[in-house]
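Each chain, written out:
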Amino acid sequence: MFYYVLKYVLLGPLLRLLFRPRIEGLEHIPDEGGAIVAGNHLSFSDHFLMPAILKRRITFLAKAEYFTGPGLKGRLTAFFFRSAGQIPVDRSGKEAGKAAIREGMGVLAKDELLGIYPEGTRSHDGRLYKGKVGVAVMAIKAQVPVVPCAMVGTFEIQPPGQTIPSIRRVTIRFGEPLDFSRYAGLENEKAAVRAVTDEIMYAILGLSGQEYVDRYAAEVKAEQAELAKAEQSKKFPRLHR
């Protein structure tokens, strides 16, 4: 219930007023039945802008950290995400991927829209990174279409580290649904799920026009963090003993 209050009364009208999103290809979102909307992830604002412009309700798999923050801010954030119908997923450990797939399949089994960011994390530099195969496993198992989506301009309004987004126009672009029925029964085949994932990422790339990096974003982030730490230790060696 509160999802629709946010969408139509509280948050949705405000977002449409402030960011005046250009919406392209909305007709590609099916009117009914389960489907996956797979998009790039450039900003925290992505979580709210896409649902605000869709006619149907969409449920995203959100990182568990949004639901476990400390203090009043943490409780308010958790309440907001739960009220918006988002599902917490623990991204750590060997079972994380299986848990995400299980939760996603539950959404699709109810003939609802599932939103997912195949990169697994926000892009830290505006480029598009290699997709994780969970989206392919769900698409094949559930036999649902995948609608590629590109958020354009959201990195500029709220890059990493910026709490309050800048006010400027953004574009939300949807592509034609991708049909993977030819892969039925191959959700456990590594080559098949990799091929499906790469096709999805290629479709997102065509919509977004981003530079593509054939590596996982989380790996690149970790490497850069280590390099930054090493540079700091060189500058201030006493602090890192």
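To be clear, the structure that these remarks concern was listed above.
Note that this is a predicted model, so its numbers are computed, not measured.

Focus on the sheet that holds strand β4 (residues 87–89)
Thought 1: Spatially, β1-β8-β7-β2-β5-β3-β4 is the arrangement adopted by the seven strands of the open sheet, whose pairing is mixed. On the outer flanks of this sheet lie β1 (22–24) and β4, each paired with one strand and no other. Adjacent strand axes in the sheet meet at a mean angle of 25 degrees, parallel and antiparallel pairs treated alike.
Thought 2: For strand β2 (residues 35–39) and strand β5 (residues 113–116), the ladder comprises four bridges, and the chain directions are parallel. Across the sheet, the residue bridging to I36 is L114, located in β5.
Thought 3: Strand contacts of helix α3 (residues 46–53): β1, β2, β3 (58–63), β7 (146–152) and β8 (171–174), with the helix running at about 65 degrees to β8, the strand carrying the most contacts.

Digging into the nonpolar core
Thought 1: Formed by 30 residues in total, the largest nonpolar core has its most connected members in I36, A38, V146, F180 and I200.
Thought 2: Every element with two or more residues in this core is listed here: β2, β4, α5 (96–109), β5, α6 (134–142) and α8 (190–208).
Thought 3: Ranked by residue count, the leading element in this core is α8, at seven residues.
Thought 4: The contacts of V146, once residues within four sequence positions are left out, are I36, A38, A139, E176, P177, L178, F180 and I200.
Thought 5: If you look at the next biggest cluster of nonpolar residues, it comprises 28 residues, including F48, C149, V170 and I172.

A word on the packing of aromatic side chains
Each aromatic ring pair is specified by the distance between its two centres and by the angle formed by the two planes.
Thought 1: Tallied over the entire structure, the rule returns three aromatic pairs.
Thought 2: Here the aromatic rings of F60 and Y117 are separated by 5.3 Å at their centres, their planes lie at 20 degrees, and the arrangement is stacked. Taken together, the residues F60 in strand β3 and Y117 in the loop between β5 and β6 (128–129) connect sequence positions 57 residues apart. Each member of the pair F60 and Y117 is classed as buried.
Thought 3: Plain terms: the ring middles of F180 and Y183 are 6.4 Å apart, the flat faces sit at 55 degrees to each other, and that makes the pair tilted.
Thought 4: Exposure remark for F180: the relative accessible area of 1% places this residue in the buried category.
Thought 5: Over the ring of Y8 we find K7, and its NZ or CZ is 5.4 Å from the ring centre.

Focus on a nonpolar patch on the surface
Thought 1: A cluster of nonpolar side chains, contributed by F2, Y4, Y8, V9, L10 and F79, occupies part of the molecular surface with about 610 Å² of accessible area.
Thought 2: Structurally, F79 can be placed in helix α4 (residues 71–83).

Let's talk about α4
Along an α-helix, residues three or four apart share an orientation, since each turn contains 3.6 residues.
Thought 1: Look at α4: 18 Å from first C-alpha to last across 13 residues, which is about the 18 Å you get at 1.5 Å a residue.
Thought 2: Taken together, the buried positions of α4 are occupied by G74, A78, F81 and S83.
Thought 3: Its buried side turned inward, α4 meets α1 (2–10), α3 and β3.
Thought 4: Immediately downstream of α4, the backbone of G85 shows phi near 80 degrees, a positive value.

So, how was this worked out
- Residues numbered from 1 in each chain as written.
- Predicted model: local features only at pLDDT ≥ 70, side-chain atom pairs only at ≥ 80, totals over all residues.
- Heavy atoms only, no water.
- Pairing = 2+ DSSP bridges.
- Helix = DSSP H or I, 4+ residues; strand = E, 2+ residues; numbered from the N terminus.
- Axes fitted to C-alpha atoms, helices over the stretch in contact; angles between N-to-C directions.
- Contact = heavy atoms within 4.5 Å.
- Core = buried A, V, L, I, M, F, W, Y, C linked by side-chain atoms within 4.5 Å.
- Buried < 20%, exposed > 50% of the residue type's maximum accessible area, 1.4 Å probe, protein only.
- Phe/Tyr/Trp six-rings, centres within 6.5 Å; stacked < 30°, edge-to-face > 60°.
- Lys NZ or Arg CZ within 6 Å of the ring centre and 35° of its normal.
- Patch = residues over 30% accessible without salt bridge, like charges linked within 9 Å, V, L, I, M, F, W, Y side chains within 5 Å.
- Areas by Shrake-Rupley, 256 points an atom, 1.4 Å probe, with all protein chains shown as cover.
- Salt bridge = Lys/Arg side-chain N within 4 Å of Asp/Glu carboxyl O.
- Expected span 1.5 Å × (residues − 1).

Scope: geometric values only; no functional claims are made or implied.
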